[in-house]
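An overview of the molecular structure
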Amino acid sequence: MSKVAVVMGSTSDMPVMQEAIDILKGFDIDVDVDIVSAHRTPEKLFDFSKNAHINGYSVIIAGAGGAAHLPGMVASMSPLPVIGVPVKSSNSIDGWDSILSILQMPGGVPVATVALNGAKNAGILAAQIIGSADKCVLDKIILYKKGLKQKVIDGAKEVNGK
């Protein structure tokens, strides 16, 4: 069974990152959550990043605000796919600092970056990555997307009175 690590720079990121945790659990994907600060706990960051694949993770979701170095630093040391979630934090410049820090990675160190506070999409993307090799997860994603489609169809009927 595949497992996703959801890490964030501080507990203040948890309300945003909870959306990734919830959607992954909805797809019956195991999730481990931890606080790993690139600036305040670099040794923990190094240990986690270098050993994530050995510890059974398939994908890492890393959320961070402000300077937002966590996703890129994880990606620099891990062979796993890393999805970065820029978090609009209290010390943020409207979130742009976080977005650009995660988005503008150098060649060879990719981080898939979702929208500002877009942890739900990070969770869905992680599930899709896992689903590319796990038919059970893929089937759940297909059902989820059919549900999204039906929600729009139902909404259109409601608005149009049909």
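Residues numbered from 1 in each chain as written. Predicted model: local features only at pLDDT ≥ 70, side-chain atom pairs only at ≥ 80, totals over all residues. Heavy atoms only, no water.

**Side note on the overall build of the chain**
Our working rule: In this description a helix means any DSSP run of H or I spanning at least four residues, a strand means any run of E spanning at least two, and both kinds are numbered starting from the N terminus. Computation of the radius of gyration draws on C-alpha atoms, with the globule rule given as 2.2 Å multiplied by the number of residues to the power 0.38. Contact criterion: two residues are considered in contact whenever any of their non-hydrogen atoms come within 4.5 Å of each other. In these tables, accessible area is a Shrake-Rupley quantity obtained with a 1.4 Å probe, and a residue counts as shielded only by the protein chains included in the view.
In terms of regular secondary structure, the chain is built from six helices and five strands. Counting from the amino terminus, the chain carries its helices and strands in the arrangement β-α-β-α-β-α-β-α-β-α-α. A globule of 162 residues ought to have a C-alpha radius of gyration of about 15 Å, and the chain, at 17 Å, matches this closely. In terms of principal-axis extent, the alpha carbons of the chain reach across some 60 × 40 × 30 Å. Expressed as a percentage of contacts within the chain between residues at least 6 apart in sequence, the contacts between residues at least 24 apart total 69%. A total of about 8600 Å² of accessible surface is found on the chain, and carbon and sulfur atoms cover 57% of it.

**Digging into the UniProt feature "domain: PurE" (unreviewed entry) in the chain**
What counts, and what does not: UniProt positions are given in the numbering used here, feature names are shortened, and annotations may be inferred rather than shown by experiment.
Under the present numbering, the feature "domain: PurE" (unreviewed entry) in UniProt falls on residues 2-152. Between the end C-alpha atoms of residues 2-152 the distance is 31 Å, and the span holds 46% helix and 18% strand.

**Remarks on the environment of S49**
Turning to its location among the elements, S49 is positioned in helix α2 (residues 42-51). With 28 residues separating them along the chain, S49 and I21 place their C-alpha atoms 19 Å apart.

**Topic: the UniProt feature "binding site: substrate" (unreviewed entry) in the chain**
The condition is simple: The definition of a polar contact used here is a pair of N or O atoms within 3.5 Å, where within protein one atom must be able to donate a hydrogen and the other to accept one, and adjacent residues in sequence count solely through side-chain atom pairs.
The feature "binding site: substrate" (unreviewed entry), as given by UniProt, occupies S10, D13 and R40 in the numbering adopted here. Looking at the secondary structure, you find S10 in the loop between β1 (3-8) and α1 (14-26). Ignoring anything within four residues of it in the chain, the contact list for S10 reads I35 and R40. A distance of 2.7 Å separates a polar atom in the side chain of S10 from a polar atom in the side chain of S12. Examined against the element boundaries, D13 turns out to sit in the loop between β1 and α1.

**Observations regarding α1**
The α-helix winds at 3.6 residues per turn, so residues separated by three or four positions along the chain end up facing the same way. Applied cut-off: Helix span, as expected, comes to 1.5 Å for every residue beyond the first. Burial classification: accessible surface area is computed with a 1.4 Å probe over protein chains only, and a residue below 20% of its type maximum counts as buried, one above 50% as exposed, and the rest as partly exposed. It is the directions from the helix axis to the C-beta atoms whose arc is reported.
Over its 13 residues, α1 extends 18 Å from the first C-alpha to the last, a length consistent with the 18 Å expected when each residue adds 1.5 Å. Considered for burial, the residues of α1 that qualify are V16, M17, A20, I21, I23 and L24. The buried side chains of α1 occupy one side of the element, clustering within an arc of 170° when seen end-on. Away from the buried face of α1 by more than 90 degrees, exposed residues P15, K25 and G26 are located. Among the structural elements, β1, β2 (30-35), β3 (59-65), β4 (82-87), α5 (119-131) and α6 (135-160) are those in contact with the buried residues of α1. D28 sits one or two residues past α1 and shows a positive phi near 60°.

**Side note on the pattern of salt bridges**
Counted only if it meets this: Between Lys or Arg on one side and Asp or Glu on the other, a salt bridge is scored when a side-chain nitrogen of the former is within 4 Å of a carboxyl oxygen of the latter.
A complete count under the given rule lists five salt bridges for this structure. The salt bridge partner of D32 is K3, with a shortest N-O separation of 3.7 Å. Of this pair, D32 sits in strand β2 while K3 sits in strand β1, and the two are 29 residues apart along the sequence.

**Concerning α5**
Between its terminal C-alpha atoms α5 stretches 18 Å, which fits the 18 Å expected from 13 residues at 1.5 Å a residue. Listing the buried residues of α5 in full gives A119, A122, G123, I124, A126, A127, I130 and G131. Residues of α5 that are buried sit in contact with β1, α1, β3, β4 and α6.

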